[in-house]
Structure formats: structure tokens, C-alpha cells
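# Reading the structure
Listed below, chain by chain, are the residues.
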Amino acid sequence: MKRLLILGCNEITKRLLLELCENKTYASGICLASRHKEECDELKKLAESKGVRVTTSGIDVSNAEGAMMMIKIIAPEVVINLLPPELSIDAMNLAIKANASYIDGKLFGVPPEPSSTSLLSEQFTKFSDFQKIQKTAVCGAGMMPGAIATIVKKLGKQTFSRVKNVDICVVKGVSGSGVRTEEKDDSDVLYSEDIRPLTSNLSIGTKHPVFYVENNLPKAAEAFSVEKKSSNGTSVFLSNSPIISDLIKEIPEVGNARFFEPGIKPDEHVAPKAKIDILRDLGLLSDNPVKVGSVSIAPIDLVAEVLPKMSAPARLKDRTSEVLSGEACYEIYITGENGGDISTRLFKIALDNDFYRKEYGVSASDYIEGTVIIEAVKLMCNDKWMKSGVYTPAAFNSELLYNAMISAGIEIKESDSSML
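What this report covers is the structure whose coordinates are included nearby. Since the structure is predicted, the reported quantities are computational estimates derived from the model, not experimental observations.

## Side note on the state of the cysteines
According to the stated counting rule, one finds zero disulfides in the structure shown. Free cysteine: Cys 40, not disulfide-bonded; nearest cysteine sulfur from Cys 9 at 3.1 Å. With relative accessibility at 0%, the residue Cys 40 sits in the buried group.

As C-alpha cells, this is what we get:
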């Protein structure tokens, strides 16, 4: 049993609190903390009705001095971060000062290009700090990369003697009729990339790159250059995901990996020549530094910083203003070898958005995300994940989270199938 500090109040917080109240073997004390204490007080009433003592506090994790006053009173053993991902570093700093273990659901600040040498995300800058206090930090313990990498590690080894390829496809559902178009006309818009093209030794030109792994090496492709079909016929495109880097680091035997998701293929952008000519005539495209006060800066760098950036490839995302319907699915295609025979197996998690919206008031993907995080927190509370430093769930015994997910009702269906 652990003393728990839960940061953030949302639907996952509510579900986690109720689980901890139902099974009192996980927590010896619970504190709910959020910027808006009244939200925590509402959840506290749920716990009190079940005979569990819960304290609440207002907290701003970016205010280290104020947060530490609360930490000294609570003395948590595990900090559970359910705040937005961009606050993860502040939350980790809080756990370090409290000499506590830490867990969150999403990675933040992930480099787009997968690599075995670079940090997986900004959270991993805290690796040595957690090693020094001999505590465990588990980051990205939700579906991506936590659950998906766990499934690849567990079922890949269980199904094949050698895994050759992994393709992952995520479709969270459709919004409205599922027909969405980009109506923005950017034919006269001058973007930063129009004057300072994206450079790369992979020769991808000025388009936003997407990365995958081939023969254990990162490869780049132009966005929307690779299109496939999910098992339900949805068009999906090669995209970037932290799952690829997680596979490289924790399951290096997977030498080929790609990630796909739905998207809206934008019209080709053509740089407005007239505007570029004006900037050139004014000398604003020069690479020669100009001294402004005590700072030297190339005019083109200043203009590139001021101009708008091209948006990342449009994606189908679950926004609060949209109600997703239809099937949400997570598909993992594993190609491997057994006795010289090569085959592909599809491991699929499929959930109905309409059902979860009606029963729980959230999208199917949000519900399963919460389920995985809750099961991961239980493993932390029972000391099942113990290793000094910062890790993703794939760094631990895959049986643990996999079995917990199955016990929590997550159904993984297996079939013989390849992406079209």
C-alpha cells in the first residue's frame, strides 16, 4: 500500500479513485490535487461515501515553492500525473523533491525521428535524477506507447520465433459523417518553410517528413506518400509516433516498424513568388548576420521565425467539440518467422464509440486510455515495476501489464491478415 498524490481532476481521476476505493489494498492514503481545488472536493465526496479518507489540495506544479509546502505535509510515495503532458516535467520535479516514484500516461516532447541514441521524450531528461533517489518513473503508461509496445513485446515473442515487421494502425473513429475537408486556401500565404526550407540529410525536400524504421535504421518519407487501408476500410497514412522509438529502444529485435493513422491529404502548397521577390529585394533573405544592439542575426532567420509555420499533416483527432462515432480500433500487424515459414498476424482491439459515449460519456479511445493507466498505477502501487530511472512500460516484464489489461476486460482479437 502506498501514499498517493494524484495530480489533475478529470474522468480518469474519477475512475482511478473509485477503483482505489473498491480495492483498498493499493493505497494507504490518497491526496487529490489540482489547480482548481473545488474539482478535487467534488471527487472527494465520492470516496467518502465508500468509507475512504481522501484529502484535497490546490496546486500549481510550476510553483515549486508552493507545491513543496503541500508535499511536506502529504509525503507521497507515488506521484500519479494526470495533468496535461506539457506539465510532466514540473510534475516529475515535484516527485523528485518528494523522494517519490512517478507515473504518467503520455509522452511529451518526442523527437519526430526515431532513434536508439536520442532521448525518447523530455521526461527522460530526468533519468539520472530518479536514479539518484533510487525511485522509478514510468512515462507513457497509456495506450501509446505503453499498451501497444507491451502487446508487441508479449505477442510477438509468443507467436513467432523471430519478428520481422510491425505495422501499427490507430483509428479513433469518425466525426459526424466522417467526411472532412480542408477549406483553407493558403495559395497566397508565405510560410517559414517557403524561405527557409526544411533541411535533412535524408533529402525530403520542403514537405513535413514522417519517419519509420527499416532494417534497424530510421527512414524518412513525405507526409501522405504511403497510404494503406485499416481492417475496416479506413484510409490511413504513414505518420510519426513515439511507439516507433519505444520499439527501437526496448524491443530492438523488431527491425522494421511503421505507424499509420487517418488524415486529410492537403492540397499542394505553392510558395507565393511575388512575396518572396519582395523580401529578396529588401535584403531580408540574406544569410549574412546583421548586428542589432548586442545580437547578431541573419535577416532570413528573423523572417523565418516571424512567418507562420506550416501546420503538421492534418489528422483526425478527438477534439472536445467533436463527437466521434463508429469503431475505434488499435491494430497491430506482426510479421514473423516460424520454422522458415513467414506469416502476418493481426492483433486488434476494437471498441464502439457510440456505446462508450452513451455508457461512460467519453470516447472509446479515452475510455481504454484510462483503463490502461489505471492498471499501470496498480502495478506501481504493488511494486511490480521497480527500477531506478525513467522508463516506459516496455522496459518491464510484458506479462504484467498485458495480463492486467486482459483482466480489466480489454479484448485482443487475433486473425490472419495484412494491411492492404
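## Focus on the packing of aromatic side chains
When we look at a pair of aromatic rings, we describe it by the centre distance and by the angle of the planes. Following the criterion strictly, the structure yields 10 aromatic pairs and no others. Judged by centre distance (5.8 Å) and plane angle (25 degrees), the ring pair of Tyr 356 and Tyr 360 falls under stacked. On the criterion of helical spacing, the pair formed by Tyr 356 and Tyr 360 is a turn pair, its members being four residues apart in helix α11 (residues 353–360). Relative accessible area serves as the criterion here: at 15%, Tyr 356 is assigned to the buried category.

## Some remarks on helix α1 (residues 11–22)
The first and last C-alpha atoms of α1 sit 17 Å apart over 12 residues, in line with the 16 Å expected at 1.5 Å per residue. Here α1 has its buried residues at Ile 12, Thr 13, Arg 15, Leu 16, Leu 17, Leu 20 and Cys 21. Where α1 is buried, its residues meet β1 (2–7), β2 (27–34), α2 (37–48), β3 (54–58), β4 (78–81) and α12 (364–381). Between the side-chain oxygen of the N-cap and the backbone nitrogen of Ile 12 there are 3.0 Å, and the N-cap of α1 in question is Asn 10.

## Here's the deal with the packing of α1 against α12
Two elements in contact, α1 and α12, have axes separated by 10 Å at closest approach and are oriented at 45 degrees. As far as their axial angle goes, α12 and α1 are oblique. For α1 against α12, the interelement crossing comes out right-handed. On the side of α1, the interface is formed by Ile 12, Arg 15, Leu 16 and Glu 19, while α12 contributes Tyr 367, Gly 370, Thr 371, Ile 373, Ile 374, Val 377 and Lys 378.

## Details of the environment of Pro 209
Here Pro 209 is to be found in strand β9 (residues 209–214). A sequence separation of 30 residues divides Pro 209 from Ser 239, and the C-alpha atoms of the two residues are 8.6 Å apart.

## Quick look at the sheet that holds β4
The strand order across the open sheet formed by seven strands is β3-β2-β1-β4-β5-β6-β19, and the pairing between neighbours is parallel. For this open sheet the edge positions go to β3 and β19 (389–391), each flanked by a neighbour on one side alone. The mean inter-strand angle of the sheet, taken between neighbouring strand axes irrespective of direction, is 20 degrees. Two elements, β1 and β2, share six bridges in a ladder whose sense is parallel. Residue pairing across strands places Arg 3 opposite Gly 29, the latter belonging to β2.

## Quick word on helix α8 (residues 242–250)
Looking at α8, one finds that the buried residues are Ile 243, Ile 244, Ser 245, Asp 246, Leu 247 and Ile 248. Looking at the buried residues of α8, the elements they touch are α6 (143–159), β7 (162–171), β9 and β13 (256–261).

## Observations regarding the pattern of salt bridges
Taken as a whole and assessed by the stated rule, the structure comprises 18 salt bridges. Taking the shortest distance from any N to any O, the salt bridge between Lys 126 and Asp 129 comes out at 4.0 Å. One connected set of salt bridges, linked through shared partners, spans Glu 19, Glu 375 and Lys 378.

## A closer look at the pairing of strand β5 (residues 101–104)
Neither face of β5 is left uncovered, since the one carrying Ser 101 and Ile 103 and the one carrying Tyr 102 and Asp 104 both have all their residues buried. Bridging between β4 and β5 involves four bridges; their strand directions are parallel. Bridging from a neighbouring strand, Val 79 pairs with Tyr 102 of β5. Once the chain exits β4 it traverses helix α4 (residues 88–97) before rejoining the sheet at β5, and the crossover so formed is right-handed. Pairing geometry for β5 and strand β6 (residues 136–138), over two bridges, is parallel. Residue Ile 103 lies in a different strand from β6, and its bridge partner there is Val 138.

## Details of the packing of α6 against α12
Interaxial distance between α6 and α12 falls to 10 Å at its minimum, and their mutual angle equals 70 degrees. In terms of orientation, α6 lies roughly perpendicular with respect to α12. Here α6 contributes Met 143, Met 144 and Ala 147 to the contact with α12, which in turn contributes Ile 368, Glu 369 and Val 372. A breakdown of the residues in the contact of α6 with α12 according to their chemical character gives five nonpolar, no polar and one charged.

Cut-offs applied
Residues numbered from 1 in each chain as written. Predicted model: local features only at pLDDT ≥ 70, side-chain atom pairs only at ≥ 80, totals over all residues. Heavy atoms only, no water. Disulfide = S-S within 2.5 Å. Buried < 20%, exposed > 50% of the residue type's maximum accessible area, 1.4 Å probe, protein only. Phe/Tyr/Trp six-rings, centres within 6.5 Å; stacked < 30°, edge-to-face > 60°. Helix = DSSP H or I, 4+ residues; strand = E, 2+ residues; numbered from the N terminus. Expected span 1.5 Å × (residues − 1). Contact = heavy atoms within 4.5 Å. Polar contact = N/O pair within 3.5 Å; in protein donor to acceptor, adjacent residues only side chain to side chain. Axes fitted to C-alpha atoms, helices over the stretch in contact; angles between N-to-C directions. Parallel < 35°, antiparallel > 145°, perpendicular 65-115°, else oblique. Left-handed = near helix turned anticlockwise from the far one by under 90°. Pairing = 2+ DSSP bridges. Salt bridge = Lys/Arg side-chain N within 4 Å of Asp/Glu carboxyl O. Right-handed = clockwise from strand over helix to strand, strands pointing away. Nonpolar A, V, L, I, M, F, W, Y, C, P; charged D, E, K, R; others polar.

This is a description of form; function is not addressed.
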